[in-house]
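Inside the fold
Chain by chain, the residues run as shown.
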Amino acid sequence: MATYTTLDDIDLSAVAYHYGLGPIRLAPLPGGAANSSFRVTAATGTYVLTILDNHDTASARRLSAHTQALFRLGVPTNEVVPTVDGAPITRLRGRGAVLKKWIEGIVRQPLPLTHLPAAGRMLAELHALPPTSPGLADLPVGTRRLTPQHELLIREFTDKEFAAWLTDHLDRVHTAEAANQRTPRIVHGDFFDDNIVIRTDGGLSLLDWETLTLDDPLLDLGAAAVGVGREAGLLAPARLRALVSGYEQVAPLSDADRADLPMEITHAALIIAFHRYRRHHIRFPDPRKSGYHMEMITFVDSVAEGTRTLRERD
């Protein structure tokens, strides 16, 4: 199993010292597949302390720097709090840690339909940022996609039926994408409802920049359709249309983009299916989660019907 930081692992006095907070209280926050997060309450305010369990020092610094750069560019996300020495991260028991200001609000799963247009606008505004924006010029390219090495691993999956399904659909995606190359943009890569906060002022904020990369914005919109467009495990036409309608208020889609979106939604689901299987069957076997990848098979089966009316212009 993956090893994550628990409340008992954290020296409260060390956190308070590094950030000049005085007496503090910590409470664990739910979720987080890669890191451990805690709500920090101090006299100076409320914060989120994230222990970067799966990062080395260099990647922890990059994540902190990218998060702060996005905040400064006006993206509605957490503001990073530097240490008393001005450092973007600190070290707690050998692991990188970053402190961010708390965003007051709630996470709703699923994200209510009424908030989907705003979610679409927020995603399009992120895609509109110049890739050369200050603090983001070192973003990696295409890291959310499966690499050739990833695809070779599929042959070793013990579930041969799933492996054949995944390989067949990836072949179709690669053939379709070879004929259509879009300009890479800044993308989130994990636009799921558990990374979206409905603030007390009614607006939305976007969290968790682990998968920030330069890539096809239509693939990122496809990933968002997987993340917030499902209902009972299937792609819901009303939810997809609400998401896309908000997106198009900022970045209208061409007819070609609308025609290609179903394939990009499928591509995003295939990426998720691969990583779920690999994580729960190979890297960190967990019988409780061993069927999570199968949800994407059902979802992919629903994409054609879920997108049928999308290409019809109002």
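Everything here concerns the structure above.
Overview of the structure. This is a predicted model, so every value here is computed, not measured. (Residues numbered from 1 in each chain as written. Predicted model: local features only at pLDDT ≥ 70, side-chain atom pairs only at ≥ 80, totals over all residues. Heavy atoms only, no water.)

A short note on the nonpolar core
One broad trend across soluble globular proteins is that nonpolar side chains are buried collectively. Grouped together as the largest cluster of nonpolar side chains are 69 residues, with contacts concentrated most on Leu166, Phe191, Val226 and Ile265. Among the elements that make up this core, the one with the highest residue count is helix α8 (residues 255-283) (10 residues). Excluding residues within four positions of it along the chain, Val226 makes contact with Phe192, Ile265, Ala268, Ala269, Ile272, Met296 and Phe299. The next biggest cluster of nonpolar side chains, apart from the first, holds 18 residues, and it includes Ala16, Ile24, Leu92 and Ala97. (Core = buried A, V, L, I, M, F, W, Y, C linked by side-chain atoms within 4.5 Å. Buried < 20%, exposed > 50% of the residue type's maximum accessible area, 1.4 Å probe, protein only. Helix = DSSP H or I, 4+ residues; strand = E, 2+ residues; numbered from the N terminus. Contact = heavy atoms within 4.5 Å.)

Thoughts on the pairing of strand β2 (residues 36-42)
A regular strand carries its side chains on alternate faces of the sheet. Side chains Ser36, Phe38, Val40 and Ala42 of β2 all project onto a buried face; the interleaved residues Ser37, Arg39 and Thr41 project onto a face where none is buried. Bridging between strand β1 (residues 24-28) and β2 involves 5 bridges; their strand directions are antiparallel. From the neighbouring strand, Ile24 faces β2, where its bridge partner is Ala42. With 7 bridges connecting them, β2 and strand β3 (residues 45-51) associate as antiparallel partners. What sits directly across from Ala42, in β3, is Gly45. (Pairing = 2+ DSSP bridges.)

Re the side chain of Asp53
On the secondary structure map, Asp53 appears in the loop between β3 and α2 (57-72). Within the structure, the side chain of Asp53 is placed 2.6 Å from the side chain of Ser36, a separation counted as a polar contact. (Polar contact = N/O pair within 3.5 Å; in protein donor to acceptor, adjacent residues only side chain to side chain.)

Describing the sheet that holds strand β10 (residues 204-206)
Across the sheet, 3 strands lie side by side as β7-β9-β10; this open sheet has antiparallel pairing. The sheet terminates laterally at β7 (105-106) and β10, the two strands that pair on one side only. Bridge analysis of strand β9 (residues 196-199) against β10 gives 3 bridges, and the strand direction is antiparallel. Each bridged residue has a counterpart across the sheet, and for Ile198 the counterpart in β10 is Leu204. Relative to the sheet, helix α3 (residues 116-127) contacts β9 and β10, its axis offset from that of β10 by approximately 45°. (Axes fitted to C-alpha atoms, helices over the stretch in contact; angles between N-to-C directions.)

Section: the packing of aromatic side chains
As enumerated under the stated definition, the model contains 5 aromatic pairs in all. For the ring pair Phe157 and Tyr277, a centre distance of 4.3 Å and an interplane angle of 35° mean the geometry is tilted. Here the residue Phe157 occupies a position in the loop between α4 (148-153) and α5 (160-178), and Tyr277 occupies one in helix α8, the gap between them amounting to 120 residues. For Phe157, a relative accessible area of 1% corresponds to the buried category. On the basis of relative accessibility, which here comes to 1%, the residue Tyr277 falls in the buried class. The interplanar angle of 20° and the centroid separation of 5.9 Å between the aromatic rings of Phe162 and Trp165 together place this pair among those described as stacked. Linking Phe162 with Trp165, this pair stays in helix α5, spanning 3 residues, or about one helical turn. Trp165 shares its class with Phe162; the two are buried. By way of ring pairs, the aromatic residues Phe157, Phe162, Trp165, Phe274 and Tyr277 are connected into one cluster. (Phe/Tyr/Trp six-rings, centres within 6.5 Å; stacked < 30°, edge-to-face > 60°.)

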